[in-house]
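Coordinate inspection notes
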Amino acid sequence: MKAVLCKAYGPPESLVIDDIPELQCGPGQARIAVEAVGINFPDCLMIEGKYQFKPDFPFSPGGELSGTVIEVGEGVGNVAVGDRICGGGGHGGLAEQIVLPAQGLRPIPDGMDMTTAAAWSTTYGTSYHALKQRGQLQPGETLLVLGAGGGVGLAAVELGHAMGARVIAAASSEAKLEAAREAGADECIDYSDGELKEKVKALTGGQGADVIYDPVGGPLFDQCMRSINWNGRVLIVGFVGGDIPKVPTNLILLKGCQVVGVFYGSFAAMEPEVTARNWEELRDLFTAGKIKPKVSRVYPFGEAAAALRCLADRQAIGKVVVQVVEER
Ligand SMILES: NC(=O)c1ccc[n+]([C@@H]2O[C@H](COP(=O)([O-])OP(=O)(O)OC[C@H]3O[C@@H](n4cnc5c(N)ncnc54)[C@H](OP(=O)(O)O)[C@@H]3O)[C@@H](O)[C@H]2O)c1
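Residues numbered from 1 in each chain as written. Predicted model: local features only at pLDDT ≥ 70, side-chain atom pairs only at ≥ 80, totals over all residues. Heavy atoms only, no water.

1. A few points about the pairing of strand S11 (residues 209-214)
- The buried fraction of S11 is high, at six of six residues.
- Tracing the backbone out of S11, into helix H7 (residues 220-225) and back to the parallel element strand S12 (residues 228-236) gives a crossover that is right-handed. (Buried < 20%, exposed > 50% of the residue type's maximum accessible area, 1.4 Å probe, protein only. Helix = DSSP H or I, 4+ residues; strand = E, 2+ residues; numbered from the N terminus. Right-handed = clockwise from strand over helix to strand, strands pointing away.)

Set out below in structure tokens:
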């Protein structure tokens, strides 16, 4: 079968499409015919050897996908051959088939197409967990989202709005802010000039945001810590903007705030029942029309490298998807 392979660390252009042997489906596993793959920033880091998890060579990137179950291993009860599912396993998605633990697979909600289904497992799973369990976001609170036009960021804007918060979207371009407005942002901040804190203060009567969702880090993080309200929660989601920032503990004291880590992969592994409830609620939000994952670009399998390049160049709005086979 065909797979997009990383044979040595390098940029997206170093990926190759090659044949690999058929995968074996063991106990507790399911073999899936992959239909589409949602690209995430960690895919770009992984192929350059900059991600915390380093698979052996050769490996296929692609941590979230949609597809159809074509074989189940011994002891699998939650999915059956023919089921349309979505999920992921960190890597291995950019291939015609993948074998995954069956337990983490979820049915695709009624009315969701396979392309969209490939694009919501990681983003909505992460952002809902972040806002609900980690941020304890309440209706009427102010939520500031950085990187608000990107994958997890745009999901956080939409979910924050659906949860009844007043959402301030912050991003580096008008096109990304326009996508955030469409997803339910009440206010927008363009931080391309490097300024965030004074703009947040101006929109919050000087108080700051109650919850800050930060997948960017880098130089903006210090301004996040100065833009948080009394009793606020700063959610540490990622560090796409550069170095891992240091937390000024004096500001935690002065603002009586919390700095809270978000790690969706570990949450899903350690708290499967809470994760399952989150997914029931996400399905209901989708079915009720309250969330609508945005896929802005779809690439054919042969152009998977261009899809990763789009994220690496900070060009993606919402989600970018690689279509492994044409939508049926
Ligand atoms: N903690 C978890 O469980 C978890 C789960 C999933 C993802 N993540 C993390 O979340 C982060 C975002 O992932 P994603 O897939 O949503 O990425 P994405 O779609 O590429 O969005 C990232 C956003 O970050 C901003 N950004 C700032 N500096 C950037 C730079 N130098 N290069 C690229 N983008 C930059 C961009 O918005 P502007 O141009 O508007 O600044 C971009 O829209 C990553 O660090 C990822 O590892 C964490």
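2. A word on the sheet that holds strand S9 (residues 166-171)
- Taken in spatial order, the six strands make up an open sheet running S10-S9-S8-S11-S12-S13, and their pairing is parallel. Every interior strand has two partners, whereas the edge strands, strand S10 (187-190) and strand S13 (258-261), have only one. Within the sheet, the average angular offset between the axes of one strand and its neighbour, ignoring direction, is 20 degrees.
- For S9 and S10, the ladder comprises four bridges, and the chain directions are parallel. Looking at the pairing, Ala169 lines up with Cys188 of S10.
- Relative to the sheet, helix H3 (residues 121-134) contacts strand S8 (142-146), S11, S12 and S13, its axis offset from that of S11 by approximately 150 degrees. (Pairing = 2+ DSSP bridges. Axes fitted to C-alpha atoms, helices over the stretch in contact; angles between N-to-C directions. Contact = heavy atoms within 4.5 Å.)

3. Details of unusual backbone geometry
- Note that the residue after Phe57, namely Pro58, is joined by a cis bond; omega there is -15 degrees.
- Its location among the elements puts Pro58 in the loop between helix H1 (41-47) and strand S4 (64-72).
- With phi around 50 degrees, Gln136 is a residue other than glycine that occupies positive phi space.
- In this structure, Gln136 sits in the loop between H3 and S8.
- In the Ramachandran plot, Arg314 falls in the positive-phi region, its phi being about 65 degrees despite a non-glycine side chain.
- Following the sequence through the fold, Arg314 ends up in the loop between helix H11 (304-312) and strand S15 (319-323).

4. Considering the site of the ligand
- In the neighbourhood of the ligand, 25 residues make up the surrounding shell, with Ser172, Lys176, Tyr191, Tyr264 and Arg314 lying closest.
- Lys176 places a side-chain nitrogen or oxygen 2.7 Å from an oxygen atom of the ligand.
- Taken by itself the ligand offers 910 Å² of open surface, and the protein chains cover 90% of this.
- Mapped by element, the contributors of at least two residues to the shell around the ligand are H1, H3 and helix H4 (151-162).
- Shared between two domains, the shell around the ligand takes at least three residues from each, and those domains are domain 1 (2-120 + 294-323) and domain 2 (123-265). (Near = heavy atom within 4 Å. Polar contact = N/O pair within 3.5 Å; in protein donor to acceptor, adjacent residues only side chain to side chain. Areas by Shrake-Rupley, 256 points an atom, 1.4 Å probe, with all protein chains shown as cover. Domains from an automatic or database assignment.)

5. Topic: the packing of H3 against helix H10 (residues 272-287)
- The geometry of H3 relative to H10 is characterised by a closest axis approach of 10 Å and an angle of 110 degrees between their N-to-C directions. With respect to H10, the element H3 is oriented roughly perpendicular. Residues Ser121, Tyr124, Gly125, Tyr128, His129, Lys132 and Gln133 of H3 pack against Val274, Asn278, Trp279, Glu281, Leu282 and Leu285 of H10.
- Residue composition of the contact of H3 with H10, by class: six nonpolar, five polar and two charged. (Parallel < 35°, antiparallel > 145°, perpendicular 65-115°, else oblique. Nonpolar A, V, L, I, M, F, W, Y, C, P; charged D, E, K, R; others polar.)

6. Focus on the nonpolar core
- Counting residues in hydrophobic clusters, the biggest one holds 43 residues, and the most contacted among them are Trp120, Leu131, Leu143, Val157, Tyr213, Leu235 and Leu282.
- Examining the composition of this core, we find that five residues originate from one element, H4, more than from any other.
- Not counting the four nearest positions on each side in its chain, Leu143 is found in contact with Leu131, Leu137, Ala156, Gly160, Ala165, Arg166, Val167, Ile168, Val211 and Tyr213.
- Cys44, Ile85, Ile98 and Val320 belong to the second largest nonpolar core, which has 34 residues in total. (Core = buried A, V, L, I, M, F, W, Y, C linked by side-chain atoms within 4.5 Å.)

7. Regarding the domain arrangement of the protein chain
- Here the protein chain is partitioned into domain 1 (2-120 + 294-323) and domain 2 (123-265).
- Each of domain 1 and domain 2 has a C-alpha centre, and the two are 28 Å apart.
- Buried area between domain 1 and domain 2, both sides added, is near 990 Å², and the carbon and sulfur share of it is 56%.
- For domain 1, the biggest contributors to the area lost against domain 2 are Trp120, Arg314 and Ile317; these three give 43% of the whole. (Buried area = accessible area lost by both parts, 1.4 Å probe.)

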